[in-house]
Amino acid sequence: MCEATPAAEITLPDHEHSAREARRFLSEAYCALHHSRVLDEAQLLVSELVTNAVRHGGPPVTVRVECVGEEGLRVSVRDGDPRPPVRRDVSLESEGGRGVALVDILSDRWGVEAADPGKTVWFVLS
């Protein structure tokens, strides 16, 4: 864990502006000492995960950010549905459906853990 920046968590309302609130929260809570280089990617990925949580997972939607030092920035999104996210193959014309693929491509690691209630989807950016 990071001695410079403590972990932070926020519970978001279940509405269309939650992704924007998650990006703002991340910009205020991330560890500037270790992870200023990955903030843009982290904001994109947290936006995708929060959007999925609001659309498919349901409340409560909680975002947690932790600095694990040189290992990376860990961001977790918990929602109320225990079903794991599904990576979909979408056409170039599709307006959605790329969130899990983006997390898979851009993050160094990611995963899904059971939570009570629901699940937690997390990613790490080094």
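Because the structure is a prediction, the values reported are computed rather than measured.

Calculation notes
- Residues numbered from 1 in each chain as written.
- Predicted model: local features only at pLDDT ≥ 70, side-chain atom pairs only at ≥ 80, totals over all residues.
- Heavy atoms only, no water.
- Helix = DSSP H or I, 4+ residues; strand = E, 2+ residues; numbered from the N terminus.
- Buried < 20%, exposed > 50% of the residue type's maximum accessible area, 1.4 Å probe, protein only.
- Contact = heavy atoms within 4.5 Å.
- Patch = residues over 30% accessible without salt bridge, like charges linked within 9 Å, V, L, I, M, F, W, Y side chains within 5 Å.
- Areas by Shrake-Rupley, 256 points an atom, 1.4 Å probe, with all protein chains shown as cover.
- Salt bridge = Lys/Arg side-chain N within 4 Å of Asp/Glu carboxyl O.
- Axes fitted to C-alpha atoms, helices over the stretch in contact; angles between N-to-C directions.
- Left-handed = near helix turned anticlockwise from the far one by under 90°.
- Nonpolar A, V, L, I, M, F, W, Y, C, P; charged D, E, K, R; others polar.
- Pairing = 2+ DSSP bridges.
- Polar contact = N/O pair within 3.5 Å; in protein donor to acceptor, adjacent residues only side chain to side chain.

Focus on the environment of A22
For A22, the position within the fold is in helix α1 (residues 18-29). When its relative accessible area of 0% is taken as the criterion, A22 is described as buried. With 27 residues separating them along the chain, A22 and L49 place their C-alpha atoms 9.7 Å apart. When sequence neighbours within four positions are dropped, the list of residues in contact with A22 reads L12, V46, V50 and V63.

Topic: a nonpolar patch on the surface
There is a patch of nonpolar side chains on the surface, built from L44, I105 and L106 and spanning about 260 Å² of accessible area. By secondary structure assignment, the location of L106 is in helix α4 (residues 99-106).

Description of the packing of α1 against helix α3 (residues 39-57)
Relative to each other, α1 and α3 sit at 145°, their axes nearing to 8 Å. Crossing of α1 against α3: the hand is right-handed. Facing S18, A19, A22, R23, L26 and S27 of α1, the residues of α3 in contact are L39, A42, Q43, V46, S47, V50, T51 and V54. Looking at the contact of α1 with α3, its residues break down into eight nonpolar, five polar and one charged.

With respect to the pairing of strand β2 (residues 61-67)
Here β2 lies mainly inside the structure; six of its seven residues are buried. Where strand β1 (residues 8-12) and β2 come together, five bridges link them in antiparallel fashion. Bridge pairing links I10 to V63 in β2. As judged from the six bridges shared by β2 and strand β3 (residues 73-79), these two strands associate in the antiparallel manner. In the strand pairing of β3, T62 is matched with R78. What sits between the antiparallel neighbours β2 and β3 is a turn of five residues, in which G69 has the positive phi angle 65°.

What about the side chain of K119?
Tracing the backbone shows K119 in strand β5 (residues 119-125). Judged by relative accessible area, K119 falls into the buried class, the value being 7%. Within the structure, K119 has its side chain in polar contact with the backbone oxygen of D81 (distance 2.9 Å).

Comments concerning the pattern of salt bridges
Going through the model one piece at a time under the given rule, you end up with eight salt bridges. Salt-bridge contacts for E28 lead to R24; the nearest nitrogen and oxygen are separated by 3.2 Å. Here E28 and its partner R24 are both found in helix α1, four residues apart, which amounts to about one turn of the helix. The class for E28 is exposed, based on a relative accessible area of 59%. The class of R24 is partly exposed, set by a relative accessible area of 40%.

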